[in-house]
Amino acid sequence: MGPFEYITAAAVNAVKALYNVDAADNLIQTQPTRKEFEGDVTLVTFPLLRTSHKSPEATATEIGQWIKDNCGEIASFNVVKGFLNIKLSGAFWSDTLKNIASAPNYGQLPETGKTVMVEFSSPNTNKPLHLGHVRNNLLGWSVSQLLSANGHNVIKVNLVNDRGIHICKSMIAWLRCGDGITPEKAGKKGDHLIGDYYVKFNDLYKEEVAELTAAGMSQEDAEKNAPILKEAQAMLVKWEQGDPQVRALWKKMNDWVYAGFDQTYAALGISFDKTYYESNTYLLGKSLVEEGLKKGVFERHDDNSVWCDLTADGLDKKLLLRSDGTSVYMTQDLGTAVSRYNEYHFDEHIYVVGNEQNYHFQVLKLILKKLGFDWSDAIYHLSYGMVELPEGKMKSREGTVVDADDLIEKMYTTAKETSQELGKLEGMTEEEKDELYMMLGLGALKYFIIKVDPKKTMLFDPKESIDFNGNTGPFIQYTHARIRSILRRAQDKPQSTDAELLPKEESLIKILASYPDKIREAGIAHSPAIIANYAYDLAKEFNQYYHDTQILKEPDTAIRAQRLLLIETIARVLTHSMGILGISLPERM
RNA sequence: GGUUCGAUAGCUCAACUGGAUAGAGCAUCAGAUUUCUAAUCUGACGGUUCAGGGUUCGAGUCCCUGUCGAAUCACCA
């Protein structure tokens, strides 16, 4: 039993004994005692005043006295205003440590039997991944891990937007000026190569628009009628008609991109249980549109386009099929959602998608509802904030996009330089060192991104490299390496004993004991940031403890064994919590 | 213009869902290595929580009003 459960139960009994009232949950409010006061758990008595009919101080004192007299594990209590601070006994904390240490998989909550699908990454196949995708990928991955730890059955899925006008643009540009180039010939990852041709398309498009306006056409008409754009649109129609040549080229270029993506995913340590392709689901989307038309949920306009009128729900009209019959983003998302539900009957479906698409998901849920799919309530849009640069949004036009592969490379290099400067890696092979540099570089990057509350916009300054000191991934990795180094050297076995605990040790155990609550809290909030900050608190507390406490040199065998058990448990919890974030911890660094 | 979200130390972020004197890191300054890892630790400095009202024992947190910022409302995805 954790400290909070213990005190809550005691308080319920006290209220029953003193006032003859069965306290409802919201009457018993506990919280960790603040550092400046003595105690472990604080009972807030304000909600109880109506029951006790006494002053806050008198109520707190009365309950404190009753608990001290009637419960075994209370060391002392004190009252400050309406706050009852209770200090638990040393024995309580040694027992707690013992229980945590002997739990086979501490941090893993019991199975719930619920199936949760998490969609994340969802790249377009016309350009390489950038920093925004990195946040998406790390968030999606860690939320999946987090929900697994909460006992759910998690299915990680990716949806590749492999068809659409965007990829047609890259194809057209490649046909016009690619001269048969391949990733091998160019010596470049496939996703980067295709990205180059997407940029090329926009350059050509701009040139054509300029020519047309120079010839007297209005800006608006020129933008609509530029030949290269017409060509791309015609290609999309051909694609939907299944034209063999278009399909062959499309497949070839997409495969280049996938090879590139796979490398980036591997570097980030990310994988999926299943990958969906828009090219496979858009047809189901189109058939849903037909169904909706029959049901009268949608309407066909004179120009043959299909719309859903949401004005009665306070939204706008939404396009579902273009006048040329091709589908849009929403069309395929409808199809994807339905096929997934039919296959998995998920209890919850989380979409990890940026907050720029809040409107899209509002509409998606609403349209599914209108089509009669009641499970649309199970859809949850995990809407995360954008990553911004000091000068604002990343813009490919201005070349400010932070490329994912470049960033990973840079983190690796920085880790390498720092490690070499510190020079603590004697005896390691080059291969081991290399692995370590990558682990540290990625640790810094991942922690930097995940520690921020997902829904907040975050800032990344490319000019200042991501820190390796302070509240960072490497700080926690370093803490772990320190602990492992002691444990490697230890002669005796970590063991629970009845040796007396230092105050710092009790507070460390307190943090360890709160871990399952943190997992639960973070799961409900869909926020791995809570886990990141927890791990930091634990690591920081350990480093303070470590600074002024002897462990291996402690002469008393019982104390030494218990300290070893404590730090070993800390290492385990750090490993588990950082594992949720996808960050590995080294044996030494 | 409508809708949604945000604003906390110079900078980047916390604050256990309404609790006590709003906390960390970075940066700046001053310290700690014959000792189990100094990628660490100890101090100092740093705040009208955007502004103004309201709700109550108590508000960074909830409710109005305003200011500023972002996203979105596409035959883009």
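Nothing here was measured: the structure is a model prediction, and the numbers come from that model.

### Thoughts on the protein's contact with RNA strand B
Within the structure, RNA strand B sits among 67 residues, and Asp303, Asp316, Lys424, Tyr478 and Thr549 are positioned closest to it. Of all RNA strand B atoms lying within 4 Å of any protein atom, the proportion belonging to sugar or phosphate reaches 63%. Take Arg482: an N or O atom from its side chain is 2.5 Å from a phosphate oxygen of RNA strand B. Sorting the residues of the surface near RNA strand B by element identifies strand E1 (29-32), strand E2 (41-44), strand E4 (83-88), helix H6 (165-177), helix H15 (404-422), strand E14 (458-459), helix H17 (473-489) and helix H20 (528-547) as the ones contributing at least two each.

### Some thoughts on the domain arrangement of chain A
Looking at the assigned domains, one finds that chain A contains domain 1 (3-88), domain 2 (120-286 + 329-398) and domain 3 (404-580). In this structure, domain 1 and domain 2 have C-alpha centres spaced 56 Å apart.

### Let's talk about the sheet that holds strand E8 (residues 298-300)
Taken in spatial order, the three strands line up as E8-E9-E10 in an open sheet, and their pairing is antiparallel. Two strands bound the open sheet, and with one partner strand each, they are E8 and strand E10 (317-321). In this sheet, neighbouring strand axes are inclined to one another by 35° on average, regardless of whether the strands run parallel or antiparallel.

### Quick word on the packing of aromatic side chains
Counted according to the given criterion, the structure contains 23 aromatic pairs. Ring centres 5.1 Å apart and planes at 70° place the aromatic pair Trp239 and Trp250 in the edge-to-face group. Of this pair, Trp239 sits in helix H10 (residues 227-241) while Trp250 sits in helix H11 (residues 244-268); the two residues are 11 residues apart in sequence, bridging distant segments of the chain. As far as the burial class goes, Trp239 and Trp250 line up, both buried. Pairing Tyr341 with Phe346 gives two aromatic rings, centres 5.1 Å apart and planes at 80°, and the pair type is edge-to-face. The pair formed by Tyr341 and Phe346 is uniform in burial state, with each residue classed as buried. Feature note: the residues Phe120, Phe261, Tyr265 and Phe272 constitute an aromatic cluster, connected by ring pairs. The ring centre of Trp239 lies 3.7 Å from the NZ or CZ of Arg247, which sits over that ring.

What counts and what doesn't
- Residues numbered from 1 in each chain as written.
- Chains lettered and ligands numbered in written order.
- Predicted model: local features only at pLDDT ≥ 70, side-chain atom pairs only at ≥ 80, totals over all residues.
- Heavy atoms only, no water.
- Near = heavy atom within 4 Å.
- Polar contact = N/O pair within 3.5 Å; in protein donor to acceptor, adjacent residues only side chain to side chain.
- Helix = DSSP H or I, 4+ residues; strand = E, 2+ residues; numbered from the N terminus.
- Domains from an automatic or database assignment.
- Pairing = 2+ DSSP bridges.
- Axes fitted to C-alpha atoms, helices over the stretch in contact; angles between N-to-C directions.
- Phe/Tyr/Trp six-rings, centres within 6.5 Å; stacked < 30°, edge-to-face > 60°.
- Buried < 20%, exposed > 50% of the residue type's maximum accessible area, 1.4 Å probe, protein only.
- Lys NZ or Arg CZ within 6 Å of the ring centre and 35° of its normal.

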